[in-house]
There are 2 protein chains.
Amino acid sequence: MQQIAIGVDLGGTQVRAALVGEAGNLLAQASEPTDAMAGPERVLSQISHLVEGLLETDRSLQPLGVGVSTPGPVDTTTGIASDIPTLAGFDGFPLRAELQRRFDLPVSLENDGISAAIGEWRYGAGKGCDDLIYITVSTGIGGGIVSGGRVLRGRKGMAGHVGHMAIVLDGEACPCGSRGCFEAYASGTAFARRARLVAAGDAQTKLGKNGKPIDSRGVFLAGREGDALANRLIDEEAELLGRGITNLIHILSPEIVVIGGGLANEFDRLHPRIRDCISRTAMPAFRDVPVVHAGLGQNSGLIGAAALVFL
Amino acid sequence: MQQIAIGVDLGGTQVRAALVGEAGNLLAQASEPTDAMAGPERVLSQISHLVEGLLETDRSLQPLGVGVSTPGPVDTTTGIASDIPTLAGFDGFPLRAELQRRFDLPVSLENDGISAAIGEWRYGAGKGCDDLIYITVSTGIGGGIVSGGRVLRGRKGMAGHVGHMAIVLDGEACPCGSRGCFEAYASGTAFARRARLVAAGDAQTKLGKNGKPIDSRGVFLAGREGDALANRLIDEEAELLGRGITNLIHILSPEIVVIGGGLANEFDRLHPRIRDCISRTAMPAFRDVPVVHAGLGQNSGLIGAAALVFL
């Protein structure tokens, strides 16, 4: 009987579940849109339903446990959610206990940035490294840290909120309620917003001229077609990412920085400028830290959640 | 025979050595001004000389080893200094090997911020904590991190350079060569420079009016005497410290933040504003992290270096 882990990635948009082998291989997966406003009972039913459906596909598999990646910050030492901005009704909800009630297997709970870092560390681009930083650049910016061969969890298991490191004093408003955060400048959301702002005042650019709303993908597409403004915006984005990464390198001295999330689909376009920024702004001893693309693509968190079971 | 450790704090201004008991108690100490421009041979002689002098005072003690705190960044995995800005001639110098040659005892080498963090963790304000951040605010800003009950060293043992986290994009020039660093805004040096800048244009303040150059201490003194500009400058300093600390709290989720260094002599004056800043700018789940004064005062690094021997 093949021993497997069940990984669940609870996100604000999608609930995803997977059966994962000990080598981090995906055996089966399923997903559905998160019923984000329906409250925790409904969301937990979605999770049970997805997992049951997957297990029915192959009764010969022996699941050892369930690992759940959750949007945060969630206190993973108590398992109680205090407030999940992207999901309604989770304030004070005993998330781990309620998940445990639904499964006959041990349940582990982890903040999403940390889950993804674990995925990349055990099975992805950071495999074999003792010190790594994972950063996801998407709607927001999150992350997770491995240091000295151990997952850095901190008090309440809430370490790794790298998106809420302010890089501009009293800068742009951030969804977290503060100002100037890395997320408020370098997330996919911030990138698209900046593009919309400047495109309106630029006669040359094709951005926004075809009647379609400007999004991150459209900017990269325009950039590839030679649009000067789009390319300037992309270079600025890479520079902002480089600044945040340099900060983290100085604080944590990783062997490697792994970038995931939606914007990492354009890693090859962003990478040279990120590199250039680190070489320019980091202290000499830190300049050679490699920045690489997530090896598990959009599955870092899902596979990382399953990896909790094998850890 | 009492077993003891020898701690050495090699600084750009002073070389200090101490005999330290297993409870972190200072049994004897000695110091002299660092001959910072004379090159490594001379500086290492200063260390040997200080240590020999201390050991001669009580031949009944049994030293177990020598722990050395060094300004960085130094690669403590190889023990080779690449460049120490405050000391001449250390580029490429095999610091640990050369120290080892001078002692018949095991020698440990540690970056100064990490040493001080270890001192506060084992014997100071962070005793009993598994997750702490130590920050020294002095000429520059340095630090060290303990996470999950372990010292966070990172690649080359160079983690904890928290002073070189940029908080202002393209801001003030920093001695590290980059711009906008926490150190360039919130160090004692930056504080005094800001005071000199604004005092010149302020008719009401007493700062700089008595013919004496303005330094950090003078600003705090004027503040206590009711000088409005001095108090505004101090409040701004506390706010800047609070911003940097909030960033680190989000990244590392510590149980406690310990502040040392020269400016921490004014901890009681700075603390309420630092607290206020964290409560205002941190995400709700992180707002209650305590910020405390270093328990070992100016000896955090010296005692932390000795603690390396007992670890």
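Cut-offs used in this document
Residues numbered from 1 in each chain as written. Chains lettered and ligands numbered in written order. Predicted model: local features only at pLDDT ≥ 70, side-chain atom pairs only at ≥ 80, totals over all residues. Heavy atoms only, no water. Helix = DSSP H or I, 4+ residues; strand = E, 2+ residues; numbered from the N terminus. Rg over C-alpha atoms; globule rule 2.2 N^0.38 Å. Buried < 20%, exposed > 50% of the residue type's maximum accessible area, 1.4 Å probe, protein only. Contact = heavy atoms within 4.5 Å. Lys, Arg positive; Asp, Glu negative; His and termini not counted. Charge placed at Lys NZ, Arg CZ, Asp CG, Glu CD. Pairing = 2+ DSSP bridges. Buried area = accessible area lost by both parts, 1.4 Å probe. Salt bridge = Lys/Arg side-chain N within 4 Å of Asp/Glu carboxyl O. Nonpolar A, V, L, I, M, F, W, Y, C, P; charged D, E, K, R; others polar. Least-squares fit on C-alpha atoms with pLDDT ≥ 70 in both. Axes fitted to C-alpha atoms, helices over the stretch in contact; angles between N-to-C directions. Parallel < 35°, antiparallel > 145°, perpendicular 65-115°, else oblique. Left-handed = near helix turned anticlockwise from the far one by under 90°. Disulfide = S-S within 2.5 Å.

Undergrad: What should I look at first to understand the overall build of chain A in this one?
TA: What chain A contains, in helices and strands, is 9 helices and 12 strands. In terms of overall dimensions, chain A is globule-like: its C-alpha atoms have a radius of gyration of 20 Å, near the 19 Å expected for 311 residues. Summarising its shape, the C-alpha atoms of chain A cover approximately 60 × 45 × 35 Å along the three principal directions. Expressed as a percentage of its 311 residues, the buried residues of chain A come to 60%. Look at the contacts in chain A between residues 6 or more apart in sequence, and 63% of them connect residues 24 or more apart. Each charge sign in chain A was given a centre, from 28 positive and 34 negative side chains, and these centres are 4 Å apart.

Undergrad: Which parts of the structure should I look at to understand the sheet that holds strand S11 (residues 256-260) of chain B?
TA: Note: strands within a sheet are paired through backbone hydrogen bonds, in either parallel or antiparallel orientation. All names here are of chain B. Taken together, the 5 strands give an open sheet; going across it, the order is S10-S9-S8-S11-S12, and neighbouring strands pair in mixed fashion. Of all strands in the sheet, those with a lone pairing partner are strand S10 (150-151) and strand S12 (291-293), marking the two edges. With 6 bridges joining them, strand S8 (residues 132-137) and strand S9 (residues 141-147) adopt antiparallel strand pairing. Residue pairing across strands places Ile133 opposite Ile145, the latter belonging to S9.

Undergrad: For this particular structure, what's the right way to read the pairing of strand S2 (residues 14-20) of chain B?
TA: Moving residue by residue along a regular strand, the side chains alternate between the two faces of the sheet. All names here are of chain B. Across the 7 residues that make up S2, a large majority, 6, are buried. With 6 bridges joining them, strand S1 (residues 3-10) and S2 adopt antiparallel strand pairing. Within S2, the position partnered with Leu10 by the bridge is Val15. Joining the antiparallel neighbours S1 and S2 is a turn of 3 residues. Both S2 and strand S3 (residues 26-33) contribute to a ladder of 7 bridges, which runs antiparallel. Among the inter-strand pairings, Arg16 is bridged to a residue of S3, identified as Ser31.

Undergrad: Before we go on, may I ask you to explain the interface of chain B and chain A in this structure?
TA: Bring the parts together and some accessible area is lost; that lost area is often taken as the interface size. Across the boundary between the two partners, chain B contributes 41 residues, which contact 41 residues of chain A. Buried surface at the junction of chain B and chain A, summed over both partners, amounts to about 3,600 Å²; 55% is from carbon and sulfur atoms. Taken together, the connections running from chain B to chain A amount to 4 salt bridges. With its nearest N and O atoms 2.9 Å apart, the salt bridge here joins Asp170 of chain A to Arg243 of chain B. Where the side of chain B that touches chain A is concerned, the elements lending two or more residues are S9 and helix H7 (228-252) of chain B. For the side of chain B that touches chain A, the element with the highest residue contribution is H7 of chain B, accounting for 7 residues. Partitioned by chemical class, the residues of the side of chain B that touches chain A number 21 nonpolar, 11 polar and 9 charged.

Undergrad: Help me understand the relation of the copies chain B and chain A, please; the structure alone is not making it clear to me.
TA: Relating one copy of the chain to the other requires a rotation about an axis plus a shift along that axis. For the match of chain B to chain A, the screw axis carries a shift of 0.0 Å, the RMSD comes to 0.0 Å, and the turn is 180°. In short, the pair behaves as if placed about a two-fold rotation axis. The fraction of interface residues of chain B whose copies in chain A are also interface residues reaches 100%, indicating that both copies meet through the same surface.

Undergrad: So what exactly am I meant to see when it comes to the sheet that holds strand S7 (residues 107-111) of chain A here?
TA: Residues and elements named next belong to chain A. Pairing is mixed across the open sheet formed by 5 strands, whose spatial order is S3-S2-S1-S4-S7. Edge positions in the open sheet fall to strand S3 (26-33) and S7, since each of these has one partner strand only. The sheet shows a mean angle of 15° between the axes of neighbouring strands, taken without regard to direction. Pairing of strand S4 (residues 62-70) with S7 involves 5 bridges; the strand directions are parallel. Considered in S7, the bridge of Gly67 is made with Ser108.

Undergrad: Explanation requested: the packing of helix H6 (residues 216-224) of chain B against H7 of chain B in the structure shown.
TA: The description of two packed helices rests on the angle between their axes and on the distance between the axes. All names here are of chain B. Between H6 and H7, the least distance of the axes is 7 Å, while the angle of their chain directions is 120°. The orientation of H6 relative to H7 falls into the category oblique. Viewed along their axes, H6 and H7 form a crossing whose handedness is left-handed. Contacts from Val219, Phe220, Ala222 and Gly223 of H6 reach H7 at Ala230, Asn231, Leu233 and Ile234. Here the residues of the contact of H6 with H7 are counted per class, giving 6 nonpolar, 2 polar and no charged.

Undergrad: Please clarify how the environment of Gly124 of chain B should be interpreted in this entry.
TA: Residue and element names in this part refer to chain B. As for its placement among the helices and strands, Gly124 is situated in the loop between helix H3 (112-123) and S8. With a relative accessible area of 17%, Gly124 lands in the buried category. Distance from Gly124 to Leu296, taken between C-alpha atoms, is 5.6 Å for residues 172 residues apart in sequence. When sequence neighbours within four positions are dropped, the list of residues in contact with Gly124 reads Gly119, Gly295 and Leu296.

Undergrad: When you look at unusual backbone geometry in this model, what are you seeing that I'm missing?
TA: Both trends apply: most residues other than glycine have a negative phi, and most peptide bonds are in trans. The linkage connecting Gly72 of chain A with the following residue, Pro73 of chain A, adopts the cis geometry, with an omega of -5°. Looking at where Pro73 of chain A falls in the secondary structure, it is placed in the loop between S4 and strand S5 (74-75). Located in the positive-phi region is Asp170 of chain A, a residue other than glycine, with phi close to 55°. Looking at the element boundaries, Asp170 of chain A is found in the loop between strand S10 (150-151) and helix H4 (182-186). Unlike most non-glycine residues, Ser253 of chain B shows phi in positive territory, near 45°. The topology assignment puts Ser253 of chain B in the loop between H7 and S11.

Undergrad: Explain the state of the cysteines here, please?
TA: Disulfides are covalent bonds that link the sulfur atoms of two cysteine residues. All names here are of chain B. For the structure shown, the criterion picks out 0 disulfides over all chains. Considering cysteine sulfurs only, Cys181 is the nearest to Cys176, which forms no disulfide, with 3.8 Å between them. Its relative accessible area of 18% is what places Cys176 among the buried residues.

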